[in-house]
Amino acid sequence: MRPLISALALIALLLFAAACSTNPATGEQSFTAFMSETDELRVGAEEHPKILKEMGGTYKNPTIQTYIDWVGEKLAKASDRPDLKFTFTVLNDSNINAFALPGGYVYITRGLIALAENEAEMAGVLAHEIGHVTARHSAQRYSAAMATNLGLIGASILGSVFGVPGDLNRLAGQVGQIYLQSYSREQELEADMLAVRYMSKAGYDSRTLETFFRKMAQHTSITQRVRGRPNEDPADNIMSTHPRTSDRIAQAITLARVPPNADPRIGREDYLARIDGMLWGDSPEEGVVHGRVFEHPELRIRFEVPPGFYLINSPSQVSAHGPDRTVILFNQLMQKEAAQVRDMRSYVSSWGGGRLRGVERIDVNGLEAATGSARTDTSEGVRDVRLVAIRFAKDRIYRFLFLTLPEATPRRSEDLRRVTYSFRALTEAEAKTVKTLKLRVLTVNPGDTPDKLANIMPLESYKLDWFLALNGLAPGDNLAPGAKVKVVTP
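Residues numbered from 1 in each chain as written. Predicted model: local features only at pLDDT ≥ 70, side-chain atom pairs only at ≥ 80, totals over all residues. Heavy atoms only, no water.

Visitor: Run through the overall build of the chain, naming residues and quoting values.
Guide: Looking only at helices and strands, the chain features 20 helices and 19 strands. Going through the 490 residues of the chain one by one, you find that 51% of them count as buried. Expressed as a percentage of contacts within the chain between residues at least 6 apart in sequence, the contacts between residues at least 24 apart total 65%. Taken as a whole, the chain presents about 22900 Å² of accessible surface, with 53% of it coming from carbon and sulfur. (Helix = DSSP H or I, 4+ residues; strand = E, 2+ residues; numbered from the N terminus. Buried < 20%, exposed > 50% of the residue type's maximum accessible area, 1.4 Å probe, protein only. Contact = heavy atoms within 4.5 Å. Areas by Shrake-Rupley, 256 points an atom, 1.4 Å probe, with all protein chains shown as cover.)

Structure (structure tokens):
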């Protein structure tokens, strides 16, 4: 075995010796052996269409896209890689998120744009992502992942002179997941430090990194409470992939070593004028939540959840969280699988893994359906589970999954039964009347209060919390007549 070990050690030595490069943003040495700058351009171009497909596509609003391009280009020219062609994309996603791919592909969701208060806050998000690109953090992370398989790679090289080892191919195929995972604490701090530098050079107030951090924390807190998980960060929130603290942002500002601009650009008026009227919340292509009602104008379906439940729509499923930690999940069976289902009762039994009791056929507003229940262990403890499958068309089956605490099942069963029987088809006329929610900018009148303006928003709960988060306000803050504020309206 000694010759093999020596050969592997030599390979490792050669790789690491040639691996370190000078980081263009920090001037320090970084390990990027397995991804060159040319590779970054290729990977970004290859993965960009996949990101668009998985994230709901682009938000088709030329005014906002042009605005993001303009701000992004200013920051890119102020960066350490001004010659790199950056591509800025607004995603049609209501979640609060932003990220970047290697090669200069930067993404920001319309949900994040709606939450930001001014141009400088939004610029801070873009500058942070540009910082990840210029510091080549994806290349570092990918190279580190590849290096962990160095022994495997070395052995494969010794065993085969030609071709790429299969295990290396599989690891390379994971690059799409690697660059979307969380960065290290050091990389996040470095990206914030670079963001401060780029913002200052482009004329912005870098302190807005801190004000937007507070808004993200507000939003995350509401989302946690809505989902009945006050101590768990939502996976689809920017705070889960870019964890920050006020202290760390202050540290980044100190590390950037740039003097504050004498007259920094905030751009609140311009920003609010451009986002006035933009889509807020669900896109009609994914269905729309109005209070306790979910409607999908394209699929022509509708159902309603009980009072006290909060609906959350996502591309893969609709969920509702309610009293007694009750959870409702709704989704659609793949059309190919649905077309193969011959008997709904047998399908529900199979879906339940043969563990359901009381499986029976039911009629849901003229639609063939079946249901059954069971008690099962979950990651959060013992739960009562009820499954309902409804055939809407030959190749369309919709499914409800109800989860209740065993002691709460008796008092929640009638509510959940009503959810099942609220499911129905929308008529063509009804489908045409389904409206999405819009973000509107209003001028505060004398006598307006946060409570008063929050109450006009068509949300089922947490109206005041959402109003405060959208406008960067704290509980107890007053509104000045003539000021501009954001509200959500039909």
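What follows picks up the thread again.
Visitor: Would you mind going over the pattern of salt bridges in detail, with residue names and values included?
Guide: Counted by the stated rule, this structure contains 29 salt bridges. Note that arginine 42 and aspartate 39 form a salt bridge whose closest N and O atoms lie 3.6 Å from each other. Linking arginine 42 with aspartate 39, this pair stays in helix 2 (residues 37-54), spanning 3 residues, or about one helical turn. Its relative accessible area of 41% is what places arginine 42 among the partly exposed residues. The salt bridge involving glutamate 119 is made with lysine 74; its shortest N-O contact spans 3.9 Å. You can see glutamate 119 sitting in helix 5 (residues 119-134) and its partner lysine 74 sitting in helix 3 (residues 62-77), a full 45 residues away along the chain. Look at glutamate 119 and you get buried, because its relative accessible area is 0%. Lysine 74 sits in the partly exposed class, given a relative accessible area of 24%. Through salt bridges that share partners, Lys74, Glu119, Arg265 and Asp270 make up one connected network. (Salt bridge = Lys/Arg side-chain N within 4 Å of Asp/Glu carboxyl O.)

Visitor: Tell me what's going on with the pairing of strand 10 (residues 310-313), and back it up with residues and numbers.
Guide: Because side chains alternate across strand 10, one face comprises the buried residues Tyr310 and Ile312, and the other comprises Leu311 and Asn313, equally buried. Pairing of strand 10 with strand 11 (residues 318-322) involves 4 bridges; the strand directions are antiparallel. In the sheet register, leucine 311 faces strand 11, and the bridge partner there is alanine 320. In textbook terms, the turn of a hairpin is the stretch between consecutive antiparallel strands, and for strand 10 and strand 11 this stretch comprises 4 residues. (Pairing = 2+ DSSP bridges.)

Visitor: Which residues make up the sheet that holds strand 17 (residues 424-425), and what values do they have?
Guide: Read from one edge of the open sheet, 4 strands run 7-8-9-17, paired in antiparallel fashion. This sheet does not close on itself; its edge strands, each paired only once, are strand 7 (288-290) and strand 17. Bridging between strand 8 (residues 293-296) and strand 9 (residues 301-304) involves 4 bridges; their strand directions are antiparallel. The residue of strand 9 that forms the bridge with histidine 296 is isoleucine 301. Contacts between helix 17 (residues 409-422) and the sheet are confined to strand 9 and strand 17, with strand 9 contributing the most and set at about 165 degrees to the helix. (Axes fitted to C-alpha atoms, helices over the stretch in contact; angles between N-to-C directions.)

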